[in-house]
Amino acid sequence: MSADAGPLWIFGYGSLVWRPAFAHVERHPGFVRGFTRRFWQGSTDHRGVPGAPGRVVTLLPAGADQRCWGTVYRVRPGSEGEVLTGLDHREQGGYVRERVEVTHAGGQIRDVLVYLATPANPEWLGDAPLEQIAAQVIASVGPSGANVEYLLRLHDALVDMGGRDEHVAALAELVRGRLG
Ligand code: SIN
């Protein structure tokens, strides 16, 4: 990044909501319009392994009335290059960089970086019956830990910020019910 670039903002809607693990100086709950979150991306590097992928979230284009909640971060000035290198590595399993506008209690932030996965990537799993997605989440573990942890921590974080997500909540309820 050039020295005169404005602040770097990053929007997280998956693990980046509850485990950003990068240097930031501000964070706010916020939402993007026109997207919906789904557990449609396969994970063989974090929450599953090759041959037994876990399921993680991505953003899909949706109606303009749809809001997807997450956390928006302002990266610590001077750390931008290091943070992007780290995130490009962390999100390398099928995610690409996009730019979105995020709304939070303080207003709108334009040109916010987000990592999302499209059907064009080799790890893509796509839609499946919710019961099947729940079973896959329960069965999957990868280098970053259990897929169940990813789901439940995301659900709890979204509820805490007042951004409950119906797809995530339905899946969390199924998984919690099965695990007893
Ligand atoms: C994100 O959290 O914004 C991207 C997906 C993930 O790493 O879980």
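Under the annotation held in an unreviewed UniProt entry, the protein carries the name glutathione-specific gamma-glutamylcyclotransferase and is attributed to Enhygromyxa salina.

(A) Representation of the overall build of the protein in the model. In terms of regular secondary structure, the protein is built from five helices and nine strands. Starting at the N terminus and ending at the C terminus, the protein contains elements arranged as β-α-β-β-β-β-α-β-β-α-β-β-α-α. Expected size for 180 residues packed as a compact globule is a radius of gyration near 16 Å; at 16 Å, the protein falls within 12% of this value. With respect to the principal axes defined by its C-alpha atoms, the protein has extents near 50 × 35 × 30 Å. Of all intrachain contacts in the protein linking residues separated by at least 6 positions in sequence, the fraction that spans at least 24 positions is 73%. Surface exposure of the protein reaches about 8,600 Å², of which carbon and sulfur atoms provide 52%. Between the centroid of the 18 positive side chains of the protein and the centroid of its 20 negative side chains there is a distance of 3 Å.

(B) Looking closely at the nonpolar core. By size, the foremost hydrophobic cluster in this structure holds 50 residues, and its most contacted members are Y13, F39 and L151. Those residues within four positions of Y13 in sequence are excluded, and the remaining contacts are R37, V57, T58, L59, C68, W69, G70, Y95, V114, Y115, L116 and L154.

(C) Region of interest: helix α5 (residues 166-179). The end-to-end C-alpha distance of α5 is 20 Å, a good match for the 20 Å that 14 residues give at a rise of 1.5 Å each. Among the residues making up α5, those that are buried are H167, V168, A169, L171, A172 and V175. Among the structural elements, β3 (35-43), α3 (130-139) and α4 (147-160) are those in contact with the buried residues of α5. With a side-chain oxygen lying 3.0 Å from the backbone nitrogen of H167, the N-terminal cap of α5 falls on D165. At the exit of α5 stands G180, carrying a positive phi of roughly 75°.

(D) Molecular detail of the packing of aromatic side chains. What the rule picks out here adds up to five aromatic pairs. Relative to W124, the ring of W40 lies with its centre 6.3 Å away and its plane at 85°, an arrangement referred to as edge-to-face. Within this pair, whereas W40 is found in strand β3, its partner W124 is found in the loop between β7 (107-117) and α3, the two being separated by 84 residues in sequence.

(E) Looking closely at the site of the ligand. Lining the immediate environment of the ligand, one finds F11, G12, Y13, G14, S15, L16, E91, Y95 and Y150. Take L16: an N or O atom from its main chain is 3.0 Å from an oxygen atom of the ligand. Relative to its unbound accessible area of 250 Å², the ligand is 96% covered by the protein chains. Every element with two or more residues in the shell around the ligand is listed here: β1 (9-12) and α1 (15-18). Here the shell around the ligand is built from residues that sort into five nonpolar, three polar and one charged.

(F) Inspection of the side chain of T58 at higher detail. By the element assignment, T58 lies in strand β4 (residues 54-61). Judged by its relative accessible area of 0%, T58 falls in the buried class. Side-chain polar atoms of T58 contact the backbone oxygen of A117, separated by 2.7 Å. Setting aside residues up to four positions removed in sequence, T58 forms contacts with Y13, T36, R37, R38, Q41, L116, A117 and W124.

(G) Expanded view of the packing of α3 against α5. Look at α3 against α5: their axes get within 9 Å of each other, and the N-to-C directions meet at 60°. The pairing of α3 with α5 is recorded here as oblique in orientation. Viewed along their axes, α3 and α5 form a crossing whose handedness is right-handed. Note on element contacts: α5 touches α3 through H167, A170, L171, L174, V175, R178 and L179, opposite L130, E131, I133, A134, A135, V137 and I138. By residue class, the composition of the contact of α3 with α5 is eleven nonpolar, one polar and two charged.

(H) View of the pairing of β7. In terms of strand pairing, strand β6 (residues 95-104) meets β7 through nine bridges, oriented antiparallel. Residue E98 lies in a different strand from β7, and its bridge partner there is V114. Hairpin remark: β6 followed by β7, antiparallel, with two residues in the connecting loop.

Reading the values: the criteria
Residue positions are given per chain, counting from 1 as you read along its sequence in written order. Owing to the predicted nature of the model, reporting of local features is limited to residues with pLDDT of at least 70; listing and counting of side-chain atom pairs is limited to 80 or more, with chain, interface and lining totals taken over all residues. Note that the side-chain values use all heavy atoms of the structure and ignore hydrogens as well as water. Here a helix means four or more residues in a row that DSSP labels H or I, a strand means two or more in a row labelled E, and each is numbered from the N terminus. In this treatment the radius of gyration is a C-alpha quantity, and the globule benchmark scales as 2.2 Å times the residue count to the 0.38 power. Any two residues whose heavy atoms approach within 4.5 Å are treated as being in contact. For the area figures, the Shrake-Rupley method with a 1.4 Å probe applies, and any residue is considered shielded solely by the protein chains shown. Think of it this way: Lys and Arg go in the positive column, Asp and Glu in the negative one, and His and the chain ends go nowhere. The location of each charge is read from NZ of Lys, CZ of Arg, CG of Asp or CD of Glu. For this analysis, a nonpolar core means a set of buried residues of the types Ala, Val, Leu, Ile, Met, Phe, Trp, Tyr and Cys, connected via side-chain atoms within 4.5 Å. Throughout, exposure labels follow a simple rule: accessible area from a 1.4 Å probe, protein chains only, divided by the maximum for the residue type, with under 20% read as buried, over 50% as exposed, and the rest as partly exposed. Here, expected helix span is obtained from the residue count minus one, scaled by 1.5 Å. Between N or O atoms, a polar contact is any pair within 3.5 Å; within protein, one atom must be a potential hydrogen donor and the other a potential acceptor, and residues adjacent in sequence are included only when both atoms are from side chains. For this analysis, a ring pair means two rings from Phe, Tyr or Trp (six-membered ring only for Trp) whose centres lie within 6.5 Å, classed as stacked if their planes differ by under 30 degrees, edge-to-face if by over 60, and tilted for the remaining angles. Only heavy atoms are used to decide nearness, and a residue is near a molecule or strand if one of them lies within 4 Å of it. Any residue that is not Ala, Val, Leu, Ile, Met, Phe, Trp, Tyr, Cys, Pro, Asp, Glu, Lys or Arg is counted as polar, Gly included; the first ten are nonpolar and the last four charged. Here an angle of 0 to 180 degrees is reported between the N-to-C directions of two axes, which are lines fitted to C-alpha atoms, with helices fitted over the stretch in contact. Should an angle fall under 35 degrees it is called roughly parallel, over 145 degrees roughly antiparallel, and 65 to 115 degrees roughly perpendicular, with every other angle called oblique. If you view the pair so one helix is near and one far, a crossing is left-handed when the near helix is turned anticlockwise from the far one by less than a right angle, and right-handed when it is turned clockwise. Two strands pair under a simple rule: DSSP has to find at least two bridges between them.

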